[in-house]
Amino acid sequence: MKIKRLEIKGLFHTFDYDIAMPDGCEPLLVTGLNGYGKTTVLTIIKRLSEKDFYYFYILPFDVITLTFDTDSVLTILSENEQPHLDDDADGFDNNLTRPRVVTFSWTSAAGQVSTFVLGKKDISSAVRRLRRLEQLVPHGIQSDEFYQRIKDDNAFWAEFREKDSFKLMSMMLDSLKVTFISAQRLEPVEVRQERLRPYMPVTVVYRPRISEVSRLIKEKLSFEKIEFLKASQRIDGQLIENLLADVPPLDEENYNILRKEITDKISDLRNFGLIESITIRPYDEAHNVVLSVYLRNTAEKLKVYDAILEKLKLFSRIVGNLRFVNKSVSYNPSDGLSIKTSEGLFLDESKLSSGEQNEIVMLYEMIFEVADNTVLLVDEPEISLHVAWQTTFVDTMAAIAASKGLQAVIATHSPQIIGERWNGCYDLCEHSRK
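On a predicted model such as this, the values are computed, not experimentally measured, just so you know.

> Whenever I open this one, the overall build of the protein confuses me. Can you help?
On a plain count of helices and strands, the protein comes out with 16 helices and 16 strands. Within the protein, buried positions represent 47% of all 434 residues.

Next up, the structure:
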């Protein structure tokens, strides 16, 4: 499910925005001065996909409306709750913040589908059941301290999960698949190392993110290579049945077409260390039946690599176009990332510049980790990127989006990233009411 339009009224009780998403795979660029809510626009979409309803309880806004390509509409209304005589007795908010009611309403072309309401009464009830949370009450239930504590608290949310309205709203949001790539892309990654002995504890270490990317590429390629070997064993075991099957052999023209496709694929796979050399014999009328079965079997085996190969080719092409100074980057199941200097020396990936690491990490996440046909949000991609790379970033994003069917939204300060795309850029400063 993709987003057609995002309307926000009263963001921070100050700004109104009406953002229409571009057609096709052209990325939407959102820009504006600090304080106008670039990152908040992205975070609203991200939090909805995570079903983080409490985020909208603490976010200052009046109305948020999302229109989807399914013609469904989600409206989120935030209102001040009418005060009650016993508010002081509850101990919440200390009258510093007016309690609120946030209503999530999902409608389709057929009418109202679901409504979920999150109000102070619901929150108070959940807190009373969990005495350990009462120490946070003096901070206010609309405070960041309270939010950070309960947003992933399963016991707190168990109070709401039993409600049919919560279940149905969550089910509706299951179709909104989102990946958020934050501005902080080079922070070390937490890696848990299993105990070496039964009595030893599990330890946690932190690896540079680029090293973690190299490890993940290595794992992906190794896994695909094992899958190929399994498929080869299975298909080779069916050789006699395939030879005896009543399937017409390929004529010369179709044999040569398929042979060319397979030969090209083998060449690509060898470049990534995924396959050894395979000889495909030219067409021979006298042995046409055997050669046709062999060619078809080989094509069936290589299908295992189709998904990973397209991603590897796209990743390799884009990284190659970056023209790292005196370095080349390749990928294989033994090393993951393999960095080679112009003098032929191998270089540890952590020795790349921060800009080079940032570009590889970001491209890896977009190509390999982001699911196809989903929404991709990128916050300030210009951080650590050389100006020359910034000028090609949106073209790169468009190519990735087209290849994977993504809807991409980019929040940026950089005029180099925007380039000649000002007409397709949503400037929060120009469109806001203040």
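> Could you clarify how one ought to interpret the environment of N358 in this entry?
Structurally, N358 can be placed in helix α13 (residues 354–369). In this structure, the C-alpha to C-alpha distance between N358 and E382, residues 24 residues apart in sequence, is 9.7 Å.

> Would you mind going over the sheet that holds strand β7 (residues 111–119) with me for this structure?
Sheets are built from strands that pair by backbone hydrogen bonding, the pairs being arranged parallel or antiparallel. Pairing is antiparallel across the open sheet formed by six strands, whose spatial order is β2-β1-β4-β5-β6-β7. The sheet is open, and its two edges are formed by β2 (15–20) and β7, each paired on a single side. Going across the sheet, the axis of each strand differs from the next one's by a mean of 10°, ignoring polarity. Sheet strands touched by helix α4 (residues 120–129): β6 (100–108) and β7. Its angle to β7, the strand with the most contacts, is close to 55°.

> Mind showing me how you'd approach the packing of aromatic side chains here?
Two descriptors summarise a pair of aromatic rings, namely the distance from one centre to the other and the angle between the planes of the rings. Enumeration over the complete set of coordinates arrives at 25 aromatic pairs. Geometrically, the ring pair formed by Y54 and Y57 is tilted, given 5.4 Å between the ring centres and 45° between the ring planes. Remark: Y57 and Y54 occur in helix α2 (residues 53–58); sequence separation between them is three residues, near one turn of the helix. Of the two residues, Y54 and Y57, both sit in the buried class. Taking the ring centre of F180 as reference, the NZ or CZ of K46 above it sits at 5.8 Å.

> Is there a simple way to think about the pairing of strand β1 (residues 3–11) in this case?
As a general feature of sheets, a regular strand has side chains that alternate between the two faces. Here β1 pairs with strand β4 (residues 63–68) via six bridges, running antiparallel. The residue of β4 that forms the bridge with I3 is F68. Judged from the five bridges that link them, β1 and β2 form a sheet pairing that is antiparallel. For L11, the partnering residue across the bridge sits in β2 and is F15.

> What exactly am I supposed to notice about the pattern of salt bridges here?
Any two side chains of opposite charge can pair, so long as their charged atoms come close to each other. What the rule picks out here adds up to 22 salt bridges. The partner of E26 in a salt bridge is R421, with the nearest N and O atoms 3.0 Å apart. Of this pair, E26 sits in the loop between β2 and β3 (28–31) while R421 sits in the loop between α15 (415–418) and β16 (425–427), and the two are 395 residues apart along the sequence. Among the residues examined, E26 registers a relative accessible area of 36% and is labelled partly exposed. Among the salt bridges present, the one from K301 reaches D236, with a minimum N-O distance of 2.7 Å. Here K301 is found in helix α11 (residues 288–302), whereas its partner D236 is found in helix α8 (residues 209–236), with 65 residues between them in sequence. You can call D236 partly exposed: its relative accessible area is 45%. Three or more residues are tied together by salt bridges with common partners; here these are K46, R47, E50 and D52.

> What is the right way to look at unusual backbone geometry in this model?
Leaving glycine out, the prevailing phi sign among residues is negative, and the prevailing peptide bond configuration is trans. One non-glycine residue, F12, lies in the positive phi region at around 55°. Mapped onto the elements, F12 comes out in the loop between β1 and β2. You can call F12 partly exposed: its relative accessible area is 30%. For E380, which is not glycine, the phi torsion reads 45° and is therefore positive. On the secondary structure map, E380 appears in the loop between β14 (375–379) and α14 (387–404). For E380, a relative accessible area of 18% puts it in the buried group.

> Would you mind showing me how to read the confidence of the model for the protein here?
Low-confidence regions, as indicated by low pLDDT, have predicted coordinates that should not be scrutinised in detail. This prediction gives the protein a mean pLDDT of 86; 87% of its residues lie at or above 70. The element-level mean pLDDT for the protein is lowest in helix α3 (residues 87–90), coming to 45, with β4 highest at 97. Per-residue pLDDT stays below 50 along residues 85–96; that stretch engages in 18 contacts with residues further than four places along the chain or on separate chains.

Analysis parameters
- Residues numbered from 1 in each chain as written.
- Predicted model: local features only at pLDDT ≥ 70, side-chain atom pairs only at ≥ 80, totals over all residues.
- Heavy atoms only, no water.
- Helix = DSSP H or I, 4+ residues; strand = E, 2+ residues; numbered from the N terminus.
- Buried < 20%, exposed > 50% of the residue type's maximum accessible area, 1.4 Å probe, protein only.
- Pairing = 2+ DSSP bridges.
- Axes fitted to C-alpha atoms, helices over the stretch in contact; angles between N-to-C directions.
- Contact = heavy atoms within 4.5 Å.
- Phe/Tyr/Trp six-rings, centres within 6.5 Å; stacked < 30°, edge-to-face > 60°.
- Lys NZ or Arg CZ within 6 Å of the ring centre and 35° of its normal.
- Salt bridge = Lys/Arg side-chain N within 4 Å of Asp/Glu carboxyl O.
- pLDDT = per-residue confidence, 0-100.

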